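An overview of the molecular structure
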Amino acid sequence: MVLNLDLTLPRRFFPVRLTLEVGRETVALVGPSGAGKSSVLRAVAGLERAARGRIVCGGEVWLDSDRRVSRPPERRSVGLVFQEYALFPHLSVAANVAFGGRRERPDLLERFRIGHLARARPAELSGGERQRVALARALARDPEVLLLDEPMAALDPHTRAAVRAELHELLRDLDLPTIVVTHDFEDAAALAGRVGVLVEGRLLQLDAPAELVAAPRDAFVAGFTGANVLPGSAARSAGGLTRVELDTGPVVYSTDGAEGSVSVVVFPWEVALAREPADESSLNHLRAEVASLVSLGNRVRVRVGPLTAEVSAASSDRLGLRPGEPIVASFKATATRLLPR
Amino acid sequence: MRHAFPVLAACALAIALGFLVVPLVAVFARVPPGELVGQLGNDVARDALLVSLKTNLVAEALILAIGTPAAYLLATRAFPGRALMITVLELPLVLPPAVAGIALLAAFGRLGLLGGTLSAAGVDLAFTELAVVCAIVFVASPFYLRQAIASFAAVDRSLVDAARTLGASPFRVFSRVALPLAAAGLAAGAALAFARALGEFGATIMFAGSLQGSTQTLPLAVYAEFDTNFEVALAIGALLVVVSAAILLTVKLLPSWYSTSISPFRAGSSPSG
C-alpha cells in the first residue's frame, strides 16, 4: 500500500505545493501554523474542493484534476483524526465508533480501553479518552490511509508524553501509510520515521528526524528542531576555522566552511554553562546574564543572552543559577553549524 | 441628581410592563374563567378552532417538510445568489399582511398570474381551506426558515467533515449529524412559525375570506364576533393568549433543555467542550 501525492492547493496568501510518497510508514508534516499542513490532510481526505494534482492510493485514483477525477470523501478509504477530535456530541462513545462501520465495534472499544465509556457522551471524557475514541472511530472503517491532524494539541502536558508513546506503538502495529500533522518537532520525531518541514506551502526538507537535527538545510528547519539560530557574517580564519561575527557583536568559531551572511546553529544541549570560562576544549564563550530558567523535569532550559542552553537540573542546582546573574555559555566549534542566509 | 437616570429607567420599565400586561389581564378579568371556557362551546368558536387546527397542522407540516432541506442547502453550500435568495425568503417577515394577501390573490387568485393554469388543472384556491393554508405558509414560513438556516449554519463544520470521511453519504450526514445537532434550533423555529401562523389575520381574510366552518380561523372569528358576541370573542382571545404564552415558553426553555439532554454536564455541543 502506497499513497502518492502530487498536490497544488490554492490558498489566500500562497499555494501549497507538495509531492510526497508515503509507504507503510509514518510521515510527519511539521511547520508553523498557517503553513498549509492541515490543508494537505483535508485534500487527501477529499474535503478540499480546490485541490489540484493527483492523489493515488494503492493504485486507486482519488484525485486527478487533469482527468477531472475527484472522489468524494465518503469514497476515499481514509481515517482522519481531526484536531480537537470532532467527536459527535449527541452520540455515545459506542455510537461514535460505530458510525463509520455502521455496526458496534466492541473489539475496538476494548483495544483502545474505552469499553467502560461506551455509554458516555464525548463531553464527559478527558482529552486522552477523546483522542482514543477519535482513533477508534477513524479505524472502524478499516481505512487504507491514516491521517492525524495535531493529535496531541488538545492534550495537557502531563498526559502528552504517555499518549505519545502509546500512539507511536499503535502506528507501528497498524502498519498503514500515515501522515501526522503537528507544529511540535518533538511529537514529529517521536511518531514519524520521516519528517517534512512545510513553510508557506513549500516542503523545505524531508528527512529522518535525526538527519534534520544533524544537517538542517536551512535556518528555519534548524530553528524548528529546537536549535539556537543566530545571524552573523562569516570569514575564513586561521587553523581551518571559520570566524563568525554575530550581528549582536560577539565572535564565534565553527569548523564548517562558509563566507558572508550565515546563520549560526547550535543545539541547546551542546551549550555548557559555567561561572568562569573553563580551561577546556570549547572555543566559543559568550558571557551574558541569565534571562530565565524553565524546569522540564530533570532538565532546565536556561536563556542566556541570545542563546538557550539545556542543562541537567543537578548542574543547574550546583551552579546556583538565578535570573539576572552573569554566566558564561560555552560550545565547541565542532558543534557550531553554519548555514547560508 | 445621580439617581435620576436609574429612577427614570425604572419608570420606563413600569410603563412598558403596565401597557403590555394590562390588556392581557383584561381579557381574563372581564369574564370569569369558567364562563370563558363555556363560551368556547359556541358554534362559531368550535368551527374556528377546528379550521385553525386543521389548516395550521397542514401548514406546519408543509413548512417543516419543504423548509428543512431548503434551509440546510442554504446554510451549508456557498453558491452565487445565495444571499439574495435568503433575503427574498425573509421578505414576508417585514411585508404588511394585507400586502401578502393581495399578492397571493394576484398570483393564485382566479384572475391571478397562475390562476388560469390552476383552474385548468381543476384547482380553485381562493376562499377555500387550501387558501388559508397558503396564506399561513406564506407569512409564517420565514420564521422557520431563518431559524433553521441559522441552526444548520451553527453546526460545527468539522463534525460534518468527520461524518463524510467516515463514509456517510450526504443524506446520512444530514439525517444523523446535522439534523440532531440543529434540532433544538429547528424546534424553536417551528414553534415561532406556529405562533405566527396561529395568529395570521390579514393575508387570510384577503385571500381566503372569513367563511365560518371553512376559512374562518380563530383570529378571524375574534374579528367577526367582537361586535355581535363580545364574550365569545374574548373567550377565543383568551385561548389564543394561553396558547401563545405556552409556545413562547417552549421556545425559551427548549435550548437549555436540549443541551442537558446531550450532555449531563451541560458542556455545550462542541466536542472540545
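Just above, that's the structure.
Attention now moves to the packing of aromatic side chains. Applying the stated criterion across every chain yields a total of 9 aromatic pairs over all chains. Judged by centre distance (6.3 Å) and plane angle (40°), the ring pair of F171(B) and F174(B) falls under tilted. Of this pair, F171(B) and F174(B) both sit in helix α9 (residues 170-198), 3 residues apart, which is roughly one turn of that helix. When its relative accessible area of 13% is taken as the criterion, F174(B) is described as buried. For R172(B), the ring lying beneath its charged end belongs to F99(A), and the centroid distance is 4.5 Å.

Next up on the list: the pattern of salt bridges. Scanning the entire structure with this criterion turns up 25 salt bridges over all chains. With its nearest N and O atoms 2.7 Å apart, the salt bridge here joins R194(A) to E25(A). A residue pair is termed long-range when its members are at least 10 positions apart, and R194(A) in strand β10 (residues 194-199) and E25(A) in the loop between β2 (16-22) and β3 (26-30) qualify at 169 residues. R275(A) is the salt-bridge partner of E325(A), the closest N and O atoms lying 3.0 Å from each other. Residue E325(A) is located in the loop between α9 (313-319) and β20 (326-331), and its partner R275(A) is located in the loop between β16 (272-274) and β17 (284-296); the two are separated by 50 residues in the primary sequence. Within this structure, R42(A), E48(A), R157(B) and D161(B) form a network of salt bridges that share partners.

With that settled, the discussion passes to the interface of chain A and chain B. Tallying the contact residues gives 26 residues for chain A and 27 residues for chain B. Summed over both partners, the interface of chain A with chain B buries about 2400 Å², with 63% contributed by carbon and sulfur atoms. Summed over the shared surface of chain A and chain B, the number is 2 salt bridges. The partner of E74(A) in a salt bridge is R164(B), with the nearest N and O atoms 2.7 Å apart. On inspection of chain A and its partner chain B, the count reaches 5 residue pairs in polar contact (both at pLDDT 80 or more). Those elements that provide at least two residues to the side of chain A that touches chain B are α1 (37-45), β7 (78-81), α2 (93-101) and α4 (127-139) of chain A.

Thresholds, definitions, all that
Residues numbered from 1 in each chain as written. Chains lettered and ligands numbered in written order. Predicted model: local features only at pLDDT ≥ 70, side-chain atom pairs only at ≥ 80, totals over all residues. Heavy atoms only, no water. Phe/Tyr/Trp six-rings, centres within 6.5 Å; stacked < 30°, edge-to-face > 60°. Helix = DSSP H or I, 4+ residues; strand = E, 2+ residues; numbered from the N terminus. Buried < 20%, exposed > 50% of the residue type's maximum accessible area, 1.4 Å probe, protein only. Lys NZ or Arg CZ within 6 Å of the ring centre and 35° of its normal. Salt bridge = Lys/Arg side-chain N within 4 Å of Asp/Glu carboxyl O. Contact = heavy atoms within 4.5 Å. Buried area = accessible area lost by both parts, 1.4 Å probe. Polar contact = N/O pair within 3.5 Å; in protein donor to acceptor, adjacent residues only side chain to side chain.

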